[in-house]
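Next come the chains, spelled out residue by residue.
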Amino acid sequence: MFDTETQKALMEEFFSENREALGRIERGLLALESHPSDHGCINAVFRDMHTVKGNCRMMGFPRLEALTHKAETILDRMRENDVVINQEIGSSLLGVVDRVRKTLDVIAHSGSEGEIDFSTLIDTLETFAKSPSTTESPDAPVPTPTSPPQPKAPASKETHAAPATVESIRLSLSRLDTLMTQVGELGASFNQLKYVLTRHPHQVEQVIELHGKQIQWLQNEVIQYRLQPIGQIWDQYHRLVRDLSVEIGKKVILDLVGEKTEVDRNVLVAINELLGHLIRNAMDHGIEFSEERTGHGKSPIGRITLSAEQKHGQIFLAVRDDGRGIDPAMVLKKALATRLITPEQSAEMTDSEIIRLIMTPGFSTASQISTISGRGTGMDVVKAALDKIGGTITIASTLGVGSDFQMVIPQTMAIVPSLLIRDGDETFALPQSNVVELVSFYGDDITTHIEGKMQVPMARFREKLIPLVPLQRLVKRGGPRRSSHREIERMHGASALHIVVLQTQETFFGLEVDAILGHTSLLIKPINRVFSHIPLLAGSAVMPDGSISFLLNVPALFQSHNDTDASKF
């Protein structure tokens, strides 16, 4: 594809600059649909389109050059007030963005422009370029239908914004210089280590300590390089909401809060689709049509808010809408009809517990399959995606007011500060962000602090009783499971009891382990697909002796404890 290092470097810059410019063009076009007379925005979009066209010409991609030239012509007429953007023109120009992005992906894989058909879009752009000036008021926002549109064919990967990917990052020269200096010092300390091993063995420990500090610094610095503003993937959701508003005929505004919150790029990729699913779900099922909203005294324009906040090494995300809310009665009716729960169980469930049933695999209240919010697959896809990264979700909803989906995810999945624990002959790791306290009881203190409540083992922690979960019961693949009463008897008869107090969202529980080994930072790698079906495992790491240890998923640990068949792990 690209033969020389110089060609590769040029192509990397070509992709990076064009993708950034396309992102700005897309944001600008969406803004212009609401403020058509913003000439500052028009000029900025024109300049970026001109840049993309010039880059395509310079690198020898004539088909892309021709397409972007037609779009540039429309934007130039907008600069001269000969054309005023409307929904149709906006859709066509956004279509240019989509096709250029798709073609860039083709070029990245094959080195050529491929066979994507631009002819229909170019003809449409030429029609706009030749048309006389519109008579539309320049300050009027683009109208959106207020009632359900007529049925039509499912929308195409170009109607709904394509998922954003974070493929490269830009670093300042000063940060690279600092990194290079530290790498040089690391090399020097390594040479020093080799020297003292042979000449001054008594100084080895001191040099190793220095070496460890330098490696720790490098790890922390690389983590900082990997952290990217979450807004990098959020911009696409403006496009998603805009396209869906046009497709289904609902007026909706998307508000973003906390776009500068920094998250590891791998986590950004992992949450990209689940956030898109929640937004599509809110558009399809949550937000009402304008006539229904005004009939209930609401604004005709619906609102979805996407927010992020960093606290204690974790990211708190929320997707809220001011739509019709989730009806517990409807959820309960469907759960009973599908025999997900029994009538006896339903009688004891709160509205909050009933609403959580929407996270059950395969559960959906949709009366017909929708191409918008996931073909009726329900919310289990969101929970599954969160489980893979050790995240959690809670749902709050008020009928007629709206719904609030709150998630907690790790800030990084690369190098994770961890607590090492042992169960039998196996070593496991727990994310330090979930660890509250380490407690050990000996002798008579065990019977004082461990008791049964409703025959469930409980530990007294800071004047409160918290559930106590034996790790060995969760991680053993088979064998008989002790009753809760026998578990309490076993604990009371032990000479020592080691407990890790863990927190998942607002819930505290104690994890009984054989031994607490200490704190460390682990380079976490994704779970091998052989183990990917096990929800308790959030990642794996290679230990100093070459063995593999698993990072445990704390929310899944607590959930497995609540399951009636936890021993199946």
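Relevant structure appears above.
This is a predicted model, so every value here is computed, not measured.

Enquirer: I tried to follow the overall build of the protein chain on my own but got confused; where do I start?
Expert: Along its length, the protein chain carries 18 helices and 18 strands. Expressed as a percentage of the 569 residues in the protein chain, the buried residues total 44%. As displayed, the protein chain offers around 29200 Å² of accessible surface, 53% of which is attributable to carbon and sulfur atoms.

Enquirer: Explanation requested: the packing of aromatic side chains in the structure shown.
Expert: How two aromatic rings sit relative to each other is set out by the distance from centre to centre and by the angle between their planes. Applying the stated rule across the entire model yields two aromatic pairs. Relative to Phe-61, the ring of Phe-14 has its centre 5.5 Å away and its plane inclined at 35 degrees; by these criteria the two rings are tilted. With Phe-14 in helix 1 (residues 5–34) and Phe-61 in the loop between helix 2 (39–58) and helix 3 (62–79), this residue pair connects regions lying 47 residues apart in the sequence. There is no split in this pair, since Phe-14 and Phe-61 are both buried. These aromatic residues form a ring-pair network of at least three members: Phe-14, Phe-15 and Phe-61. Between Arg-79 and the ring centre of Phe-46, over which it is positioned, the NZ or CZ distance is 3.7 Å. Directly above the ring of Phe-289 sits Lys-250, whose terminal nitrogen or CZ lies 4.9 Å from the centroid.

Enquirer: Mind showing me how you'd approach helix 9 (residues 265–286) here?
Expert: Note that an α-helix has 3.6 residues per turn; residues three or four places apart therefore point the same way. Between its first and last C-alpha atoms helix 9 spans 30 Å; for 22 residues at 1.5 Å apiece the expected length is 32 Å, and the two agree. Of all bends in helix 9, the biggest is about 35 degrees, found at Ile-271.

Enquirer: What should I look at first to understand the nonpolar core in this one?
Expert: Generally speaking, soluble globular proteins have nonpolar side chains that are buried together. Ranked by internal contacts, the top residues of the largest apolar core, which has 49 residues, are Trp-234, Ile-271, Leu-275 and Leu-317. Examining the composition of this core, we find that nine residues originate from one element, helix 9, more than from any other. Counting residues in hydrophobic clusters, the runner-up holds 39 residues, among them Leu-22, Cys-41, Phe-46 and Val-100.

Enquirer: What is the right way to read the pattern of salt bridges from this model?
Expert: When the charged atoms of two side chains with opposite charge come close together, those side chains can pair. Applying the stated criterion across every chain yields a total of 25 salt bridges. The residue Arg-293 makes a salt bridge to Asp-322 at a minimum N-O spacing of 2.9 Å. Taken together, the residues span a long stretch of sequence, with Arg-293 in helix 10 (residues 290–295) and Asp-322 in the loop between strand 5 (314–321) and helix 11 (328–337) at a distance of 29 residues. Assessed through its relative accessible area of 1%, Arg-293 is described here as buried. Taken together, the shared-partner salt bridges in this structure form one network comprising Glu-26, Glu-33, Asp-98, Arg-101, Arg-239, Arg-242 and Asp-243.

Enquirer: I keep staring at the packing of helix 4 (residues 87–110) against helix 8 (residues 231–248) and nothing clicks. Help me out?
Expert: In a packed pair of helices, the relevant descriptors are the angle between the two axes and the axis-to-axis distance. Direction vectors running N to C along helix 4 and helix 8 enclose 135 degrees, while the axes themselves pass 12 Å from each other. Our classification of the angle between helix 4 and helix 8 gives oblique. The hand of the helix 4/helix 8 crossing is left-handed. Together, Gln-87, Gly-90, Ser-91, Leu-94 and Asp-98 of helix 4 and Arg-239, Arg-242 and Val-246 of helix 8 make up the contact between the two elements. Residues of the contact of helix 4 with helix 8, tallied by class, amount to two nonpolar, three polar and three charged.

Enquirer: Could you clarify how one ought to interpret the sheet that holds strand 11 (residues 450–453) in this entry?
Expert: Picture the strands of a sheet paired through backbone hydrogen bonds; they go either parallel or antiparallel. Pairing within the open sheet is mixed, and its six strands lie in the order 10-14-15-13-12-11. Two strands bound the open sheet, and with one partner strand each, they are strand 10 (435–442) and strand 11. For this sheet, the mean inter-axis angle between neighbouring strands, taken without regard to orientation, is 40 degrees. The pairing of strand 12 (residues 456–461) with strand 13 (residues 464–470) spans four bridges and is classified as antiparallel. Counted as the bridge partner of Phe-461 is Lys-464 from strand 13.

Enquirer: Honestly, the sheet that holds strand 18 (residues 548–552) in this entry has me stumped. Any pointers?
Expert: The five strands lie next to each other as 16-8-9-18-17, forming an open sheet whose pairing is mixed. Two strands close off the open sheet at either side, each with one partner strand: strand 16 (515–523) and strand 17 (537–542). Direction aside, the axes of adjacent strands within the sheet are offset by 35 degrees on average.

Enquirer: For this particular structure, what's the right way to read the side chain of Ser-92?
Expert: Within the element layout of this structure, Ser-92 appears in helix 4. Residue Ser-92 is classed as buried on the basis of its relative accessible area, which comes to 9%.

Enquirer: Teacher, can you tell me more about the pairing of strand 8 (residues 415–423) here?
Expert: Residues in a regular strand point their side chains to alternate faces of the sheet. Most of strand 8 is tucked away: seven of the nine residues are buried. Sheet topology places strand 8 next to strand 16; eight bridges connect them, and they run antiparallel. Counterpart to Ser-418 in the pairing with strand 16 is Thr-520. One ladder, built from six bridges, connects strand 8 with strand 9 (residues 426–431); its direction is antiparallel. Counted as the bridge partner of Asp-423 is Glu-426 from strand 9. Taking the residues that link successive antiparallel strands as the turn, the strand 8-strand 9 hairpin has two residues, and the phi of Gly-424 there is positive, at about 65 degrees.

Definitions and cut-offs
Residues numbered from 1 in each chain as written. Predicted model: local features only at pLDDT ≥ 70, side-chain atom pairs only at ≥ 80, totals over all residues. Heavy atoms only, no water. Helix = DSSP H or I, 4+ residues; strand = E, 2+ residues; numbered from the N terminus. Buried < 20%, exposed > 50% of the residue type's maximum accessible area, 1.4 Å probe, protein only. Areas by Shrake-Rupley, 256 points an atom, 1.4 Å probe, with all protein chains shown as cover. Phe/Tyr/Trp six-rings, centres within 6.5 Å; stacked < 30°, edge-to-face > 60°. Lys NZ or Arg CZ within 6 Å of the ring centre and 35° of its normal. Expected span 1.5 Å × (residues − 1). Bend = angle between axes of the 7 residues up to and from the residue. Core = buried A, V, L, I, M, F, W, Y, C linked by side-chain atoms within 4.5 Å. Salt bridge = Lys/Arg side-chain N within 4 Å of Asp/Glu carboxyl O. Axes fitted to C-alpha atoms, helices over the stretch in contact; angles between N-to-C directions. Parallel < 35°, antiparallel > 145°, perpendicular 65-115°, else oblique. Left-handed = near helix turned anticlockwise from the far one by under 90°. Contact = heavy atoms within 4.5 Å. Nonpolar A, V, L, I, M, F, W, Y, C, P; charged D, E, K, R; others polar. Pairing = 2+ DSSP bridges.

So yeah, pure geometry; function would need other evidence.
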